[in-house]
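Structural overview for review
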Amino acid sequence: MSPGTTPLIELDGVGKQYGAVRALDGIDLSVRAGQITCVLGDNGAGKSTLIKIIAGLHPHDAGTLRIDGEETRLGSPREALDRGIATVYQDLAVVPLMPVWRNFFLGSEPTTGRGPLRRLDTAAMRETTRSALLRMGIDLRDVDQPIGTLSGGERQCVAIARAVHFGAKVLVLDEPTAALGVKQSGVVLKYVAAARDAGLGVVLITHNPHHAYLVGDRFVLLKRGAMAAAHTREAVTLDELTRQMAGGSELDDLRHELERDPGR
């Protein structure tokens, strides 16, 4: 495999066990620059555990995790971030009453001055936030407004722009459209595609096959902690992806069970 085709992240037979519970078993996943890998599954499918492994919250205990071709066992979220992996969780972990620019730099604030005269460089943070959002095509009315006054879709977009600005190579998105309407979901997916076009490898965790198919290049379906299917975009239709997500043959069996007996 040439350096240009080396995945940013590669999982090979990765598993995770909590006591007697096997949460993940035999997961294969490849994340490449400029591509979106969608991980689909219902509640309890193992999506959250997979996020925790990639984000460095929980180490895997089976299989192999490689970052830029190097076998790795992440020990903390800080280590994952240092390796270029940014995770945007569904709850976003923002401070609602703080302005947009303050949340944009939360934990990475630049300062000016020295010694006792050192202070936050608020002017630089405001200007950098404004320009970073504009580069992603996000034109907020005012970066001084509390981030809690933004819509759910706008907050997701700010989080995506923040990850791009701080040099993430891999962006992991945890159900970014789960609580959004159709219009706001479309806005978020637009910026997910913008992150891909900026050269990031994106992992989109979702239970919505329609949203996944709009932007995805690769699709991995999880069921009860195991891989139920894996497809490239060229190899699967939206109807088939939706059918597999809904249960496939299990749904057909249920339909037969629920059909009325015409003799009754």
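Scroll up for the structure.
These figures come from a predicted structure and were not determined experimentally.

Brief notes about the overall build of the protein chain
- Counting secondary structure elements, the protein chain contains nine helices and 12 strands.
- The principal-axis extents of the C-alpha atoms in the protein chain amount to approximately 85 × 45 × 40 Å.
- Scored against the burial criterion, the 264 residues of the protein chain give a buried share of 41%.
- Look at the contacts in the protein chain between residues 6 or more apart in sequence, and 65% of them connect residues 24 or more apart.
- As displayed, the protein chain offers around 13,600 Å² of accessible surface, 51% of which is attributable to carbon and sulfur atoms.
- Distance from the positive charge centre (31 side chains) to the negative charge centre (32 side chains) of the protein chain: 6 Å.

Here's the deal with unusual backbone geometry
- The residue Asp68 is not glycine, and still its phi comes out positive at about 55°.
- Mapped onto the secondary structure, Asp68 falls in the loop between strand E4 (62-67) and strand E5 (70-72).
- Phi is positive for Glu175, close to 45°, though the residue is something other than glycine.
- Structurally, the position occupied by Glu175 is in the loop between strand E9 (170-174) and helix H6 (182-197).

Observations regarding the pattern of salt bridges
- Counted by the stated rule, this structure contains 11 salt bridges.
- In this structure, Arg22 engages Asp61 in a salt bridge whose closest nitrogen and oxygen atoms are separated by 3.5 Å. Separated by 39 residues along the polypeptide, Arg22 in strand E2 (residues 21-31) and Asp61 in the loop between helix H1 (47-54) and E4 bring together distant segments of the chain.
- When its relative accessible area of 36% is taken as the criterion, Arg22 is described as partly exposed.
- Accessibility expressed as a relative area gives 40% for Asp61, which makes it partly exposed.
- Of the charged contacts, one joins Glu70 and Arg83 as a salt bridge, the two residues approaching to 3.6 Å between their closest N and O atoms. In this pair, Glu70 sits in strand E5 while Arg83 sits in the loop between helix H2 (77-82) and strand E6 (85-88), placing the two residues 13 residues apart along the sequence.

Quick look at the packing of helix H5 (residues 152-165) against H6
- At a closest axis distance of 8 Å, the pairing of H5 and H6 adopts a crossing angle of 10°. In terms of their interaxial angle, H5 and H6 are classed as roughly parallel. Contacts from Gly152, Gly153, Gln156, Cys157, Ile160 and Val164 of H5 reach H6 at Gln184, Val187, Val188, Tyr191, Val192 and Ala195.
- Of the residues assigned to the contact of H5 with H6, the class counts are eight nonpolar, four polar and no charged.

Quick notes on the side chain of Lys47
- With respect to the helices and strands, Lys47 occurs in helix H1.
- Within the structure, the side chain of Lys47 is placed 2.6 Å from the backbone oxygen of Gly41, a separation counted as a polar contact.
- In this structure, Lys47 is in contact with Val39, Leu40, Gly41, Asp42, Glu175, Ile205, Thr206 and Leu222, ignoring residues within four places of it in sequence.

Rules of the game
- Residues numbered from 1 in each chain as written.
- Predicted model: local features only at pLDDT ≥ 70, side-chain atom pairs only at ≥ 80, totals over all residues.
- Heavy atoms only, no water.
- Helix = DSSP H or I, 4+ residues; strand = E, 2+ residues; numbered from the N terminus.
- Buried < 20%, exposed > 50% of the residue type's maximum accessible area, 1.4 Å probe, protein only.
- Contact = heavy atoms within 4.5 Å.
- Areas by Shrake-Rupley, 256 points an atom, 1.4 Å probe, with all protein chains shown as cover.
- Lys, Arg positive; Asp, Glu negative; His and termini not counted.
- Charge placed at Lys NZ, Arg CZ, Asp CG, Glu CD.
- Salt bridge = Lys/Arg side-chain N within 4 Å of Asp/Glu carboxyl O.
- Axes fitted to C-alpha atoms, helices over the stretch in contact; angles between N-to-C directions.
- Parallel < 35°, antiparallel > 145°, perpendicular 65-115°, else oblique.
- Nonpolar A, V, L, I, M, F, W, Y, C, P; charged D, E, K, R; others polar.
- Polar contact = N/O pair within 3.5 Å; in protein donor to acceptor, adjacent residues only side chain to side chain.

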